[in-house]
Amino acid sequence: MSANRSTRPVSGVMPTRTVSIPFSVALVVALGAITATAHLGNNFTPYLIGGLIDLFGFSPFQMGVWSMVELLAYAATMLFIAPHVVRLSPRRLALAAGALIGAAQFSSSLLDSFIPLLVTRVACGLGFGLANTALNLTAARTDSPTRAISIGLAVQTIVYTLINLALPVVGTHHGTPGMFIMLAVLAVLFTIAGGSLLPDRPSAPDSQTPIQWNHLKNNGRIVLIAISLFSFGSLALWPFIERAAHEIGISAVIYGRYQSIATLACAVSNTVFGVLAPRIPRRWSLPVALLICGLSCAALTLVSNEAGFAIALIVFNVSWLIAYPLILSVAYQIDAGGRLSVLCSSAWIVNMAAGSLVTGAIAQWLGSYVLVGPLGLISCVGAFLLLRPLVHSRVGSGE
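- The protein chain is annotated in an unreviewed UniProt entry as MFS transporter from Acetobacter sicerae.
- Heading Subcellular location (unreviewed entry) of the UniProt record for the protein chain holds this comment: "Cell membrane".

Next up, the structure:
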């Protein structure tokens, strides 16, 4: 790997030059551990929501609010940090994230009423936001941010395969409090293992060239709107996906087995994609990933049999985790320092929060999730239509 990276200029943006972090076993471990920490809430909230509904009788709308509060705190953290990221240490951000998430999840295991549980979601969201910021900053300092994000996701999915098998079993034997404690312990372990391997210094001073905001208001704004649309529709069902499976007779334990297969498939696909990312033309890989993701979203709420749901779940997981780094790669192309990518992460969390609230309302009023899946298909198509001019004119292939 080259010791330095010179960012190819995108029209209207001054190129920056930063010292590049070489890919190594330590970096792969760090990326995987911090990616796993940052996404613990997104991936395992469905088990907690199902458990809380069964344990305390909370309504779907209440759980939509519960999920939304965590996600909004997550997004607000990154939105606040974004202008200052070049002055922050990824390592310190990650270690602070682990402490916050661990404390919040452990506290949740001791609570039995809605409002106090809602408060713990704010602390959890803050921790997830710090972890995701640390991940984006580290990726921005490598030769290929898309490869770094994909490698992190690949390691995460291997770990999540095991968690998806274990967490429902813990819930069966120790209830929802046991699941909260398990997630608390994992957050602390991941950040100790991975955070200590992340860069401790802020970005190099010469990478602090300000983004030209006139340009960001054009191409950057398009990317932000596209990732917002993509995440709003494609992730609207996610906090309730265990409930959607339950509607067609799939238990939490069986769902966990299917999700573990899906995450294992993601590990393979993201490993391959991480290796090939700089050589894959985005002009065709991005629309293919978005279309497949949208179709699988629709299938998740339209199919009524276990086999169809399982296939849709696996395809959705794989396609989403390829589409996401592809969209982020466009953001890194516009701003190599990582600020726009942090804003993108914030945007998708905000819109996932909005989607979860909409899904909770739909389930409350209609008693079904059937309309949520087609919403994902429409959003994925819309995201590509927005990104298409950028993909074809500026970032056709590689980084």
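Now, onward.
## A closer look at the environment of Glu70
- On the secondary structure map, Glu70 appears in helix 3 (residues 60–81).
- The exposure class assigned to Glu70 is buried, which follows from its relative accessible area of 4%.
- With 58 residues separating them in the primary sequence, Glu70 and Phe128 have C-alpha atoms 9.1 Å apart.
- Beyond its immediate sequence surroundings of up to four residues, Glu70 is in contact with Gly41, Thr45, Arg121, Cys124, Gly125 and Phe128.

## Quick word on the packing of aromatic side chains
- Applying the stated criterion across every chain, the model contains 12 aromatic pairs.
- Taken together, a centroid distance of 5.8 Å and an interplanar angle of 40 degrees make the contact between Tyr74 and Phe128 tilted. With Tyr74 in helix 3 and Phe128 in helix 5 (residues 114–140), this residue pair connects regions lying 54 residues apart in the sequence. In terms of burial, Tyr74 and Phe128 fall into one category: buried.

## Structural notes on the pattern of salt bridges
- Per the stated rule, a full pass over the model turns up three salt bridges.
- With its nearest N and O atoms 3.0 Å apart, the salt bridge here joins Arg243 to Glu242. Each member of the pair, Arg243 as well as Glu242, is classed as buried.

Definitions and limits used
Residues numbered from 1 in each chain as written. Predicted model: local features only at pLDDT ≥ 70, side-chain atom pairs only at ≥ 80, totals over all residues. Heavy atoms only, no water. UniProt positions renumbered as here; feature names shortened; annotations may be inferred. Helix = DSSP H or I, 4+ residues; strand = E, 2+ residues; numbered from the N terminus. Buried < 20%, exposed > 50% of the residue type's maximum accessible area, 1.4 Å probe, protein only. Contact = heavy atoms within 4.5 Å. Phe/Tyr/Trp six-rings, centres within 6.5 Å; stacked < 30°, edge-to-face > 60°. Salt bridge = Lys/Arg side-chain N within 4 Å of Asp/Glu carboxyl O.

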